[in-house]
Amino acid sequence: MADALDDIDRLILAELTRDGRLSMRTLAERLHISRANAYARVERLRTAKVIRGFRADVDPVAAGLGTTAYVTVNLNQAEWRDVADRLRSLPGVVHIALVGGEFDVIMLVRAEDNAALGRLVLDAIQGMPGVVNTRTLLVFEEAEPG
């Protein structure tokens, strides 16, 4: 579908990325297209899974998740699918990626505090079958992109 995106589709994606609660009327007005055209295009982008959903942008600290870290994981290669599935199910895992390089997986995790992060890493992740070792990179400050 990426090749089939035209300039209007890209503008729709940019507007909805800035404000996912934008009404079809406002979206159409901003892009100088009809509401029916805006609705049809958004629906086509959703059906094609270009737009995967609309989510609230939650402040993790305000939500009680004051500790953020990146956790890298080395795992037994033969077990990567099972380990990846188990890692995805852990509470506090915001993002998980299988990568190439000196480690196999990198995860963005959020926890209530350092003690909760420690339990997540030391008990849940390091105790998981197939995990060889981990490294935790504590985040001191986050900057908003763009």
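Reading the values: the criteria
- Residues numbered from 1 in each chain as written.
- Predicted model: local features only at pLDDT ≥ 70, side-chain atom pairs only at ≥ 80, totals over all residues.
- Heavy atoms only, no water.
- Helix = DSSP H or I, 4+ residues; strand = E, 2+ residues; numbered from the N terminus.
- Expected span 1.5 Å × (residues − 1).
- Buried < 20%, exposed > 50% of the residue type's maximum accessible area, 1.4 Å probe, protein only.
- Arc of directions from axis to C-beta.
- Contact = heavy atoms within 4.5 Å.
- Polar contact = N/O pair within 3.5 Å; in protein donor to acceptor, adjacent residues only side chain to side chain.
- UniProt positions renumbered as here; feature names shortened; annotations may be inferred.
- Axes fitted to C-alpha atoms, helices over the stretch in contact; angles between N-to-C directions.
- Parallel < 35°, antiparallel > 145°, perpendicular 65-115°, else oblique.
- Nonpolar A, V, L, I, M, F, W, Y, C, P; charged D, E, K, R; others polar.

- Going by what an unreviewed UniProt entry lists, the protein chain is known as Lrp/AsnC family transcriptional regulator and is assigned to Paractinoplanes lichenicola.

## Points about helix H1 (residues 7-18)
Okay, so step 1: Its 12 residues give H1 an end-to-end C-alpha distance of 17 Å, which sits within 8% of 16 Å, the value for a rise of 1.5 Å per residue.
Okay, so step 2: Within H1, the full set of buried residues consists of Asp 9, Ile 12, Leu 13, Glu 15 and Leu 16. Viewed end-on, H1 has its buried residues packed into an arc of 165°, placing them on one side of the element. In this structure, H1 carries Asp 7, Thr 17 and Arg 18 as exposed residues pointing more than 90 degrees from its buried face.
Okay, so step 3: As for H1, its buried residues are in contact with helix H2 (24-31) and helix H3 (35-47).
Okay, so step 4: A distance of 3.1 Å separates the backbone nitrogen of Ile 8 from a side-chain oxygen at the start of H1, and that oxygen is part of Asp 6.

## Digging into the UniProt feature "domain: HTH asnC-type" (unreviewed entry) in the protein chain
Okay, so step 1: Within this structure's numbering, the places UniProt gives as "domain: HTH asnC-type" (unreviewed entry) are residues 5-66.
Okay, so step 2: Measuring from the first to the last C-alpha atom of residues 5-66 gives 39 Å, for a span that is 53% helix and 0% strand.

## Focus: the packing of H1 against H3
Okay, so step 1: Axis separation between H1 and H3 bottoms out at 11 Å; the angle between their running directions is 80°. With respect to each other, H1 and H3 are oriented roughly perpendicular. Every residue of H3 that contacts H1 at Ile 8, Asp 9, Ile 12, Leu 13 and Leu 16 is listed here: Arg 41, Val 42, Arg 44 and Leu 45.
Okay, so step 2: Grouping the amino acids of the contact of H1 with H3 by side-chain chemistry returns six nonpolar, no polar and three charged.

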